[in-house]
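# Tertiary structure, described
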Amino acid sequence: MVHEALIRFAGRYAVLAGQLAAAENSPARRGELEQIADRCRRVPAKPAASFADALQAFWFLFLVLNPSPTAAAGRFDQYMYPYYERDV
């Protein structure tokens with residue numbers, strides 16, 4: 001149930017990014033927003049395929065699990081490094 005709620009949460013961001021992309025005049029920014037929308041449709045429902053996917057999935061989970069602005073991310077470097085290493 002929680003996983004489905006997190007996927008719906010990400011889906012709302014995907015819808016918003018898609019709406020912003022449709023209204024954007026700058027082709028470069030429109031492309032960025034379309035990438036964001038695609039990424040938000042993909043994660044956290046599916047495994048991260050890139051460092052950007054992993055960052056987005058992390059951020060969604062962090063927002064849901066740690067609503068406090070002072071929460072720590074723990075050993076972020078250790079669990080994100082494999083995605084970073086693959087992308088560079």
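Here is what the cut-offs are and how they apply
- Residues numbered from 1 in each chain as written.
- Predicted model: local features only at pLDDT ≥ 70, side-chain atom pairs only at ≥ 80, totals over all residues.
- Heavy atoms only, no water.
- Axes fitted to C-alpha atoms, helices over the stretch in contact; angles between N-to-C directions.
- Helix = DSSP H or I, 4+ residues; strand = E, 2+ residues; numbered from the N terminus.
- Parallel < 35°, antiparallel > 145°, perpendicular 65-115°, else oblique.
- Contact = heavy atoms within 4.5 Å.
- Nonpolar A, V, L, I, M, F, W, Y, C, P; charged D, E, K, R; others polar.
- Core = buried A, V, L, I, M, F, W, Y, C linked by side-chain atoms within 4.5 Å.
- Buried < 20%, exposed > 50% of the residue type's maximum accessible area, 1.4 Å probe, protein only.
- Left-handed = near helix turned anticlockwise from the far one by under 90°.

What follows concerns the packing of helix α3 (residues 51–65) against helix α4 (residues 76–87). One way to put it is that α3 packs onto α4 with a least axis distance of 8 Å and a crossing angle of 155 degrees. Considered as vectors, α3 and α4 are oriented roughly antiparallel to each other. Contact residues: F51, A52, A54, L55 and F58 in α3; F76, Y79, M80, Y83, Y84 and D87 in α4. Tallied by class, the residues present in the contact of α3 with α4 amount to 10 nonpolar, no polar and 1 charged.

Okay, the nonpolar core next. The nonpolar side chains of soluble globular proteins are, as a tendency, buried together. Core analysis: the largest hydrophobic core is formed by 7 residues, namely V43, A48, A54, A57, F58, F62 and M80. By residue number, the principal contributor to this core is α3, which donates 4 residues. Setting aside residues up to four positions removed in sequence, F58 forms contacts with A73, F76, Y79 and M80. One finds L6, A10, C40 and F60 within the second-largest nonpolar core, a separate group that totals 6 residues.

To continue, consider the packing of helix α2 (residues 27–42) against α3. At a minimum axis separation of 10 Å, α2 and α3 run at an interaxial angle of 65 degrees. Here the hand of the crossing between α2 and α3 comes out right-handed. For the pair formed by α2 and α3, the contact residues are R39, C40 and R42 on the first element and A52, D53, Q56 and F60 on the second.

By themselves, these figures tell us nothing about what the structure is for.
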